[in-house]
Amino acid sequence: MASRIRIKGRKKIQGAISVGGAKNAALAIIPATLLAGDKCILENVPQITDVLTFQNILREMGASVQQTADNTFEIDTTEVTQWQAVSESMNSFRASYYVLGVLLARFKRAKAVLPGGCNIGLRPIDQHIKGFEALGGKVKIEHGTISVEAEKLTGNTIYLDVVSVGATINIMFAAAGAEGTTVIENAAREPEVVDVANFLNGIGVRVRGAGTATIRITGTEFRRGVTHPVIPDRIEAGTWLAMAVATNSDITVHNVIPVHLEAVIAKLKEMGAKVAEGEDYVRVISNGNLRSVDLKTFPYPGLPTDLQSQMMIALLHANGVSTIIENIFNNRFRCVPELQRMGVNVKVDGNMAIIDGPKRLSGSVVYATDLRCAAALIIAGLCAEGETTIENIFHLDRGYEKVVKKLRALGADIVRETYDELNDQMTIID
Ligand code: UD1
């Protein structure tokens, strides 16, 4: 069923909004339950389509996945004997590549469909492959699938040529089933990597150094189940912080780990917003008098590429020329033509976007091009004069939970329409 979101912009929003569990941590920890070969309880799991898809893939492989509370799931992978994950849905999201590391560790062989996900530029997996091979895996790519086999996995030292979240986590997974110690150098330091490391320690693997550039993993054959709460989603939190500034609002974002948001908080302060941090909340107040700033995306602890589109909407309201340099993905300005339909003044030159503000946005029909673009268009719609219709909402559903409900509670005039093509019927939900 196709969905769209309609927003009547420039309504006052304010109040409190709560953040769900981290998509990118959940999408690694769900397959990591295959490593446990036992019953695991995962708490604070976001109900987003990528998560639901991954849970279904685990079911197809023979795992039992049961929801026991709103965001809590019990996953039992004891009976799994399947080492192939080749269903079509594997192609619909990026994190499907994690089955390779976990199946390799558990069964010493793995086969999966090559990963899909947001179309934001070249997304090679050469560093994952380099890691598997260093541990003794033999990799074969054919007919859209990738297979890895190893008679035995042995710990080794792997230097990553690029800082990659996916490769760091996938190598940690493979190393969990290796004999001896694996050292990952130039590892990603993202909080999601640390969350995965905590899960691995919980099931009996020894992981040290996560959160730094050198991670040491000592594998074990004796792994067990664990109860693990997923960390809060810093990208969802950052989305609401950028929204508060773009809409000149006073918004408190709850259930966050403020230290994970330092890069974005620093930039919002530089723009002139007032920011107060508590133990698990961040409050942002903006009076609309915003300064232009220059942003560059970097691996953590730098400004995340996943917040670049949302920050662009805040910068549209600043006085003067701002720039964004995108250093992680080579095709991440696909949202700009959609924003241009709303009358913005943004020029793209290679990996730089030049934003000339302030500019009044006008409501329009726009098409989300990827997950974070969908979030940015929602913020743009809240700022725009008149009505904005955002199509291709399936992108948003991959990473954000209950958005319409959360924003209505802040006072936004937002509805979601779902078109049932079979019965030729339009329903307004949320
Ligand atoms: C993850 C996140 C994504 C986020 C990104 C960067 C998940 C499911 N997705 O994606 O939301 O935007 O981190 O923070 O967690 N690269 C290589 N070779 C590789 C792997 C990566 O060249 O083998 C390059 C990529 O093209 C990119 C950079 O490294 O330029 C970072 O990519 P990576 O951190 O791996 O991103 P993902 O894990 O795909």
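Residues numbered from 1 in each chain as written. Predicted model: local features only at pLDDT ≥ 70, side-chain atom pairs only at ≥ 80, totals over all residues. Heavy atoms only, no water.

This part covers the nonpolar core. Ranked by internal contacts, the top residues of the largest apolar core, which has 75 residues, are F54, M172, F173, F199 and L200. A total of 10 residues in this core trace back to one element, the largest contributor, which is helix α1 (residues 23-36). When sequence neighbours within four positions are dropped, the list of residues in contact with L200 reads L35, M172, F173, V205 and V207. Grouped together as the second largest cluster of nonpolar side chains are 73 residues, I251, L307, A375 and A380 included. (Core = buried A, V, L, I, M, F, W, Y, C linked by side-chain atoms within 4.5 Å. Buried < 20%, exposed > 50% of the residue type's maximum accessible area, 1.4 Å probe, protein only. Helix = DSSP H or I, 4+ residues; strand = E, 2+ residues; numbered from the N terminus. Contact = heavy atoms within 4.5 Å.)

With mixed pairing, the 4 strands of this open sheet are ordered in space as β18-β19-β21-β20. Each edge of the open sheet is held by one strand with a lone partner, namely β18 (294-296) and β20 (346-349). For this sheet, the mean angle separating the axes of adjacent strands, direction not counted, is 15 degrees. Pairing analysis gives 6 bridges linking strand β19 (residues 320-325) to strand β21 (residues 352-357), with the strands arranged antiparallel. (Pairing = 2+ DSSP bridges. Axes fitted to C-alpha atoms, helices over the stretch in contact; angles between N-to-C directions.)

With that settled, consider the domain arrangement of the protein. Reports often express the size of an interface as the amount of accessible area lost when the parts come together. Segmenting the protein into domains produces domain 1 (2-20 + 232-429) and domain 2 (23-229). Taking the mean C-alpha position of each, domain 1 and domain 2 sit 30 Å from one another. Taken together, the contact between domain 1 and domain 2 spans 23 residues of the former and 24 residues of the latter. Here domain 1 meets domain 2 over a buried area of about 2,000 Å², counting both sides, of which 48% is carbon and sulfur. By the criterion of area lost to domain 2, the three top residues of domain 1 are Y300, R398 and E401, representing 33% of everything that side buries. Across the salt bridge formed by R234 and E192, the nearest N and O atoms sit 2.8 Å from each other. Summed over the shared surface of domain 1 and domain 2, the result is 8 residue pairs in polar contact (both at pLDDT 80 or more). (Domains from an automatic or database assignment. Buried area = accessible area lost by both parts, 1.4 Å probe. Salt bridge = Lys/Arg side-chain N within 4 Å of Asp/Glu carboxyl O. Polar contact = N/O pair within 3.5 Å; in protein donor to acceptor, adjacent residues only side chain to side chain.)

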